[in-house]
Amino acid sequence: GAVVSQHPSRVICKSGTSVKIECRSLDFQATTMFWYRQFPKQSLMLMATSNEGSKATYEQGVEKDKFLINHASLTLSTLTVTSAHPEDSSFYICSARDSETILPGETQYFGPGTRLLVL
Amino acid sequence: AQSVTQLDSHVSVSEGTPVLLRCNYSSSYSPSLFWYVQHPNKGLQLLLKYTSAATLVKGINGFEAEFKKSETSFHLTKPSAHMSDAAEYFCVVSFRKVTFGTGTKLQVIP
């Protein structure tokens, strides 16, 4: 099946610094990728939809200036957490949708997640 | 609008006994439905999906789910639980947008 990778898998940073997380589709092209956030013992919350070659679409309540998303190619999307604070500590998961599949309910393939800890 | 409800936040079964994880959904359209599993500190793995073909869907690791439109349900079952099945399970509904259920934590008692 389709594989999505994330890097890094775990990152610890100081408050005020910026952290970049990469999401790659390894064996398929993805015009659309999604970024989710998961707090401990909670479900995944969609943060934004990343579209190749255009601006990301953010969900209500998500600060676009704090969570910068870039989708420069069909296999790579990046999420940058700018000026990170302890409350940004979370598990960030990306997913990708195969560009060749156009049905509305097509499968999303998830990355393994990145655990961010801001001290 | 669409939503998904996982009726149990926590399910505990003995090893070798059946597993039932319940999921109900609502959607204005005919959505696709998925079950994902997440082991501790890991990403999500697709167990199975329903996309308007057969109503009984077989997935990996012996899991299956039955789509019942009249009951708007998509419950996940397995005849015999294994210790390695202990994880968090998410029911997901998708039509243009993906909506996750709140998750059910499955505990398997040896």
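Residues numbered from 1 in each chain as written. Chains lettered and ligands numbered in written order. Predicted model: local features only at pLDDT ≥ 70, side-chain atom pairs only at ≥ 80, totals over all residues. Heavy atoms only, no water.

**Quick notes on the overall build of chain B**
Spelled out, the test is: Each helix is a run of H or I in the DSSP string that is no shorter than four residues. Each strand is a run of E no shorter than two, and both are numbered from the N terminus. The atom set for the radius of gyration is the C-alpha atoms, and the globule formula is 2.2 Å times the number of residues raised to the power 0.38. Here the term buried applies to any residue with accessible area under 20% of the maximum for its type, exposed to any over 50%, and partly exposed to those in between, with areas from a 1.4 Å probe on protein chains only. Contact between two residues is taken to exist if any of their heavy atoms lie within 4.5 Å; hydrogens are not considered. Counting rule applied: Lys, Arg positive; Asp, Glu negative; His and chain ends not counted. We put the charge of a Lys on NZ, of an Arg on CZ, of an Asp on CG and of a Glu on CD.
When helices and strands are counted, chain B shows zero helices and twelve strands. When the helices and strands of chain B are placed in sequence order, the string is β-β-β-β-β-β-β-β-β-β-β-β. In terms of C-alpha radius of gyration, chain B reaches 13 Å, essentially the compact-globule figure of 13 Å for 110 residues. Across its three principal axes, chain B shows a C-alpha extent of roughly 40 × 25 × 20 Å. A buried classification covers 44% of the 110 residues belonging to chain B. Summarising the internal contacts of chain B: among those between residues at least 6 apart in sequence, 55% fall at separations of at least 24. Taking the 10 positively charged and 7 negatively charged side chains of chain B as two groups, their mean positions are separated by 10 Å.

**Focus: the pairing of strand 2 (residues 10-14) of chain B**
All names here are of chain B. Defined as follows: Following DSSP output, two strands are said to pair if at least two bridges run between them.
Burial of the side chains of strand 2 is restricted to one face: Val11 and Val13 are buried, whereas none of His10, Ser12 and Ser14 on the reverse face is. In this sheet, strand 12 (residues 104-109) lies alongside strand 2 in parallel orientation, the contact comprising five bridges. The partner of Val13 across the bridge, within strand 12, is Val108.

**Focus on the confidence of the model for chain B**
One rule of thumb: low pLDDT means the predicted coordinates there are not for detailed reading. Where we set the bar: pLDDT expresses how confident the predictor is about each individual residue, on a scale running from 0 to 100.
Chain-level statistics for chain B give a pLDDT mean of 91 and a share of 100% at 70 or above. At the low end of the mean pLDDT range in chain B sits strand 11 (residues 97-100) of chain B, at 83; at the high end sits strand 3 (residues 19-21) of chain B, at 98.

**Notes on the side chain of Gln6(B)**
Residues and elements named next belong to chain B. The test is simple: Under this definition, polar contacts are N or O atom pairs within 3.5 Å; protein pairs additionally need one hydrogen-donor-capable and one acceptor-capable atom, and for neighbouring residues in sequence, both atoms have to be side-chain atoms.
Its location among the elements puts Gln6 in strand 1 (residues 2-6). Of note is the side chain of Gln6, whose polar atom sits 2.9 Å from the backbone nitrogen of Cys91. Only 3.0 Å separates the side chain of Gln6 from the backbone nitrogen of Gly103, close enough to count as a polar contact. Leave out the neighbours within four places in its chain, and Gln6 touches Arg22, Trp35, Tyr89, Phe90, Cys91, Gly101, Thr102, Gly103 and Thr104.

**A word on the interface of chain A and chain B**
The cut-off we apply is this: Reported buried area values correspond to the accessible surface (1.4 Å probe) lost by two parts on association, with both partners' losses combined. What makes a salt bridge here is a side-chain nitrogen of Lys or Arg within 4 Å of a carboxyl oxygen of Asp or Glu, nothing more. Following the grouping adopted for this structure description, the nonpolar residues are Ala, Val, Leu, Ile, Met, Phe, Trp, Tyr, Cys and Pro, the charged ones are Asp, Glu, Lys and Arg, and the polar ones are all others, Gly among them.
Taken together, the contact between chain A and chain B spans 19 residues of the former and 20 residues of the latter. Between chain A and chain B, roughly 1500 Å² of surface is buried when both sides are summed, and carbon and sulfur atoms account for 53% of that area. Summed over the shared surface of chain A and chain B, the result is zero salt bridges. Remark: the boundary between chain A and chain B carries two residue pairs in polar contact (both at pLDDT 80 or more). Those elements giving two or more residues to the side of chain A that touches chain B turn out to be strand 4 (32-38), strand 5 (44-51), strand 9 (90-97) and strand 10 (108-110) of chain A. Element by element, the count of residues in the side of chain A that touches chain B is highest for strand 9 of chain A, at three residues. Looking at the side of chain A that touches chain B residue by residue, the classes come out as eight nonpolar, seven polar and four charged.

**A short note on the pattern of salt bridges**
All names here are of chain B. For the structure shown, the criterion picks out five salt bridges over all chains. A salt bridge links Glu64 to Lys58, with the nearest nitrogen and oxygen atoms 2.8 Å apart. The salt bridge partner of Lys78 is Asp85, with a shortest N-O separation of 2.8 Å. Of the two residues, Lys78 and Asp85, both sit in the buried class.

**Remarks on unusual backbone geometry**
Residue Pro8(A) is bonded to the preceding His7(A) through a cis peptide linkage, with omega at 0 degrees. Here Pro8(A) shows up in the loop between strand 1 (4-7) and strand 2 (10-13). Positive phi, close to 45 degrees, is recorded for Ser83(A), a residue that is not glycine. Positionally, Ser83(A) belongs in the loop between strand 8 (76-81) and strand 9. Look at Thr72(B): it is not a glycine, yet its phi comes out positive at around 45 degrees.

**A closer look at a nonpolar patch on the surface**
Our working definition: Patches in this entry comprise residues that are over 30% relatively accessible and not in a salt bridge; like charges within 9 Å are linked, as are nonpolar side chains (Val, Leu, Ile, Met, Phe, Trp, Tyr) within 5 Å. Computed with a 1.4 Å probe, the accessible areas rest on the Shrake-Rupley method; for each residue, only the protein chains presented here act as cover.
Together, Ile12(A), Leu117(A) and Leu119(A) give the surface a local cluster of nonpolar side chains, amounting to about 300 Å² of exposed area. In this fold, Leu119(A) is placed in the segment after strand 11 (114-118).

**A word on the state of the cysteines**
Formally: When two cysteine sulfur atoms are found within 2.5 Å, that pair is recorded as a disulfide.
This model, assessed by the stated rule, comprises two disulfides over all chains. For Cys23(A), the disulfide goes to Cys94(A), at an S-S distance of 2.0 Å. One quick way to see it: the torsion about the S-S bond of Cys23(A) and Cys94(A) is about 80 degrees, and its sign makes the bridge right-handed. In this pair, Cys23(A) is assigned in strand 3 (residues 19-25) and Cys94(A) in strand 9, connecting sequence segments 71 residues apart. Paired through a disulfide, Cys23(B) and Cys91(B) show a sulfur-sulfur distance of 2.0 Å. The sign of the -65 degrees torsion about the S-S bond sets the Cys23(B)-Cys91(B) disulfide as left-handed. Within this pair, whereas Cys23(B) is found in strand 4 (residues 23-27), its partner Cys91(B) is found in strand 10 (residues 87-95), the two being separated by 68 residues in sequence.

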